[in-house]
Amino acid sequence: MFRAGFLALTLCAALLPQSALSGAWKRAPGTGFAATSFALRNTDQGLTTEFGYYRDFGLNGRFDLGVDLNQVGSQSGHALLFARLPLRQRPNATRIATELALGGNHSQGDWQPMYRLTVSAGRGFATRRGNLWGILDLIYEKRGDAEQALWKLDGSFGLTTGRQLSPLLQIETAFGNGTDFSYAITPSIRLSLSGLSLPAQKVFETSELVIGIEYRQAKTQNLGLKIALWQRF
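Residues numbered from 1 in each chain as written. Predicted model: local features only at pLDDT ≥ 70, side-chain atom pairs only at ≥ 80, totals over all residues. Heavy atoms only, no water.

Colleague: It is not clear to me how the overall build of the protein should be interpreted in this structure. Could you clarify?
Modeller: The helix and strand tally for the protein stands at 1 helix and 12 strands. Its helices and strands taken in sequence order, the protein reads α-β-β-β-β-β-β-β-β-β-β-β-β from the N to the C terminus. Within the protein, the proportion of its 233 residues that are buried is 40%. Summing over all exposed atoms, the protein offers an accessible surface of approximately 12,600 Å²; the carbon and sulfur share of this is 61%. (Helix = DSSP H or I, 4+ residues; strand = E, 2+ residues; numbered from the N terminus. Buried < 20%, exposed > 50% of the residue type's maximum accessible area, 1.4 Å probe, protein only. Areas by Shrake-Rupley, 256 points an atom, 1.4 Å probe, with all protein chains shown as cover.)

Colleague: Looking at this structure, how should I read a nonpolar patch on the surface?
Modeller: Residues Phe-38, Leu-40, Leu-47, Ile-211, Ile-213, Leu-223, Leu-225 and Ile-227 make up a contiguous nonpolar surface patch of roughly 710 Å² in combined accessible area. Ranked by the residues each element gives to the nonpolar patch, the list is headed by strand β12 (residues 220-232), at 3 residues. Of note, Ile-227 is situated in strand β12. (Patch = residues over 30% accessible without salt bridge, like charges linked within 9 Å, V, L, I, M, F, W, Y side chains within 5 Å. Salt bridge = Lys/Arg side-chain N within 4 Å of Asp/Glu carboxyl O.)

Colleague: Looking at this structure, I do not really get the nonpolar core. What am I missing?
Modeller: A general trend in soluble globular proteins is that nonpolar side chains are found buried together. In this structure, Phe-33, Leu-168, Val-210 and Trp-230 are the most contacted members of the largest nonpolar core, which totals 15 residues. Residue contacts for Leu-168: discarding those within four places in its chain leaves Trp-133, Phe-157, Gly-158, Thr-186, Pro-187, Ser-188, Arg-190, Val-210 and Trp-230. (Core = buried A, V, L, I, M, F, W, Y, C linked by side-chain atoms within 4.5 Å. Contact = heavy atoms within 4.5 Å.)

Colleague: So what exactly am I meant to see when it comes to the side chain of Ser-188 here?
Modeller: Relative to the elements of secondary structure, Ser-188 occurs in strand β10 (residues 179-192). When its relative accessible area of 8% is taken as the criterion, Ser-188 is described as buried. Excluding anything up to four places from it in sequence, Ser-188 contacts Ser-166, Pro-167, Leu-168, Val-210, Ile-211 and Gly-212.

Colleague: Mind showing me how you'd approach the environment of Phe-181 here?
Modeller: Secondary-structure assignment places Phe-181 in strand β10. Between the C-alpha atom of Phe-181 and that of Ala-218, which follows or precedes it by 37 residues, the distance is 7.3 Å. If sequence neighbours within four positions are ignored, Phe-181 has contacts with Thr-173, Ala-174, Phe-175 and Gln-217.

Colleague: Where do I start with the layout of surface pockets in this structure?
Modeller: The gaps left among the atoms become clear once a water-sized probe is rolled over them. In this structure, the second largest pocket occupies an estimated 150 Å³ of space. If you trace the second largest pocket, you find 13 residues lining it, with Arg-190, Ser-192, Ser-207, Glu-208 and Arg-232 closest to the centre. If you list the elements that add at least two residues to the lining of the second largest pocket, you get β10 and β11 (207-218). Residue composition of the lining of the second largest pocket, by class: no nonpolar, 8 polar and 5 charged. (1 Å grid on protein atoms, 1.4 Å probe; cavity = no way out; pocket = protein on both sides within 12 Å on 5 of 7 lines; lining within 4 Å. Points joined across faces, edges and corners; volume = space filled by probe spheres on them. Nonpolar A, V, L, I, M, F, W, Y, C, P; charged D, E, K, R; others polar.)

Colleague: In this structure, what is going on with the sheet that holds β10? I would like to understand it.
Modeller: Two strands in a sheet stick together by hydrogen bonds in their backbones, pointing the same way (parallel) or opposite ways (antiparallel). One closed barrel holds the 12 strands; their spatial order is β1-β2-β3-β4-β5-β6-β7-β8-β9-β10-β11-β12, and the pairing between them is antiparallel. For this sheet, the mean angle separating the axes of adjacent strands, direction not counted, is 20 degrees. (Pairing = 2+ DSSP bridges. Axes fitted to C-alpha atoms, helices over the stretch in contact; angles between N-to-C directions.)

Colleague: What is the right way to read the pairing of β11 from this model?
Modeller: In regular strands, side chains alternate between the two faces of the sheet. Relative to β11, β10 is paired through 8 bridges, and the arrangement is antiparallel. Within the sheet, the bridge partner assigned to Leu-191 lies in β11 and is Leu-209. Sheet analysis places β11 next to β12, joined by 12 bridges and oriented antiparallel. Residue pairing in the sheet places Leu-209 in a bridge with Leu-229 of β12.

Colleague: Looking at this structure, I do not really get the packing of aromatic side chains. What am I missing?
Modeller: Inspection of every chain in the model, using the stated rule, returns 8 aromatic pairs. Their ring planes at 55 degrees and their centres at 6.4 Å tell us that Phe-33 and Tyr-54 sit as a pair that is tilted. With a gap of 21 residues between them, Phe-33 in strand β1 (residues 32-43) and Tyr-54 in strand β2 (residues 46-58) connect regions that are remote in the sequence. A residue is classified by how much of its surface remains accessible, and Phe-33, at 2% relative accessible area, is buried. Linked through ring pairs, Phe-33, Tyr-54, Phe-82 and Trp-230 together constitute an aromatic cluster. (Phe/Tyr/Trp six-rings, centres within 6.5 Å; stacked < 30°, edge-to-face > 60°.)

Encoded structure:
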């Protein structure tokens, strides 16, 4: 399974375009990215909510550090600290980086240790319509309350148009021994806040509002609304 996932990552990375997100790109020292997200889903158990917070920053020329927080209703969540090590960052080539995340996850308040290892590949190139980019993340994740580790292969693909609106497509997959294959597909629109008249406008000069519709297949099917605030600093 690992070989199949790594082969998919390698083949797709050669075709991928530059990321507005993190993953394969090394942050310049002193700069960073933050995403605060909220999702509302219609499931068999009724409406469920999910909150997420992600932040990274360039520590120095070799490492990035960050935090990844997640909470699904009152049922489950995780809190992770991670370090990113760039493996290849040549301009005009596929960029590759790896991350090690350590922390914990909980189920109904019962916390267990958790770790996650990620290999990311991404690439971007300029087109007449804007900067086309994409990332693939191959993830090995072990939660303390799970008997088996989980593999994930996620992709983010976007076009940064330099205008008010830019498209984004995110795909998440998860699979493992004794675990049903699951996936989520979320097409979104990124709305730049820099050109809008807002209170405390300077705060939003490098911010975007991301609005998407998520289709998730995980034992049951459900639709959700996802809203996120992206900030670069």
